[in-house]
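Fold and geometry: a report
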Amino acid sequence: MTEDAPKEEHKSHAAQEGKDLDRVTDFHEERELDADRAKQAISDLGSASAKKTQEAAAVERELAKLKLDDTDVEFLANEFEVSKDVADRALRQSGGDRDAAFMALLRA
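Anyway, here's the lowdown on the structure attached to this text. This structure is a prediction, so every number in the text was calculated from the model and none was measured.

Here alanine 104 is to be found in helix α4 (residues 98-107). Overall, the relative accessible area of 31% leaves alanine 104 in the partly exposed class. Each C-alpha atom of the pair alanine 104 and leucine 91 lies 8.9 Å from the other, and the pair is 13 residues apart in sequence.

Below is the structure:
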């Protein structure tokens, strides 16, 4: 009977070691998953940022295509006491419509 006690203790000890090893392995796997999720999130942010930059560049190209009347730009600049660049931008964002640009500058 005394010979069985060391065997039982050895089995118990081995079982505990197995559980401990499983915990360490699980912890390591969770860390790997967290790292993979972080990499994916960073990648998604980069993609979203690049997309926004491309969209903004496309909008700027469209605004630059508009032909504006210099007298409209000067009128808005004088009326609102803003730079010609600000008046030009308001006019472009309003599609060249002086009245819409006027209202946009009033709201600003």
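α4 packs onto helix α3 (residues 84-93) with a crossing angle of 120 degrees between their chain directions and a minimal axis gap of 8 Å. With respect to their mutual orientation, α3 and α4 come out oblique. Once α3 is placed against α4, the crossing between them reads as right-handed. The residues of α4 that touch α3, namely those facing Val86, Ala90 and Leu91, are Arg98, Ala101 and Leu105. Split by residue class, the contact of α3 with α4 holds 5 nonpolar, no polar and 1 charged.

Counting across every chain of the model gives 2 aromatic pairs. Judged by centre distance (4.9 Å) and plane angle (65 degrees), the ring pair of phenylalanine 80 and phenylalanine 102 falls under edge-to-face. Of this pair, phenylalanine 80 sits in helix α2 (residues 70-80) while phenylalanine 102 sits in helix α4, and the two are 22 residues apart along the sequence. Note on phenylalanine 102: relative accessible area 27%, which makes it partly exposed. Through pairs of rings, three or more aromatic residues link up here, namely Phe75, Phe80 and Phe102. The lysine or arginine in question, arginine 98, covers the ring of phenylalanine 75, its NZ or CZ lying 4.7 Å from the ring centre.

Once that is clear, we can look at the packing of α2 against α4. With their axes 11 Å apart at the nearest point, α2 and α4 run at an angle of 25 degrees to one another. Relative to α4, α2 is oriented roughly parallel. Here the hand of the crossing between α2 and α4 comes out right-handed. Residues Asp72, Phe75, Leu76 and Phe80 of α2 pack against Arg98, Ala101, Phe102, Leu105 and Leu106 of α4. Within the contact of α2 with α4, the residues separate by chemical class into 7 nonpolar, no polar and 2 charged.

Cut-offs and rules
Residues numbered from 1 in each chain as written. Predicted model: local features only at pLDDT ≥ 70, side-chain atom pairs only at ≥ 80, totals over all residues. Heavy atoms only, no water. Helix = DSSP H or I, 4+ residues; strand = E, 2+ residues; numbered from the N terminus. Buried < 20%, exposed > 50% of the residue type's maximum accessible area, 1.4 Å probe, protein only. Axes fitted to C-alpha atoms, helices over the stretch in contact; angles between N-to-C directions. Parallel < 35°, antiparallel > 145°, perpendicular 65-115°, else oblique. Left-handed = near helix turned anticlockwise from the far one by under 90°. Contact = heavy atoms within 4.5 Å. Nonpolar A, V, L, I, M, F, W, Y, C, P; charged D, E, K, R; others polar. Phe/Tyr/Trp six-rings, centres within 6.5 Å; stacked < 30°, edge-to-face > 60°. Lys NZ or Arg CZ within 6 Å of the ring centre and 35° of its normal.

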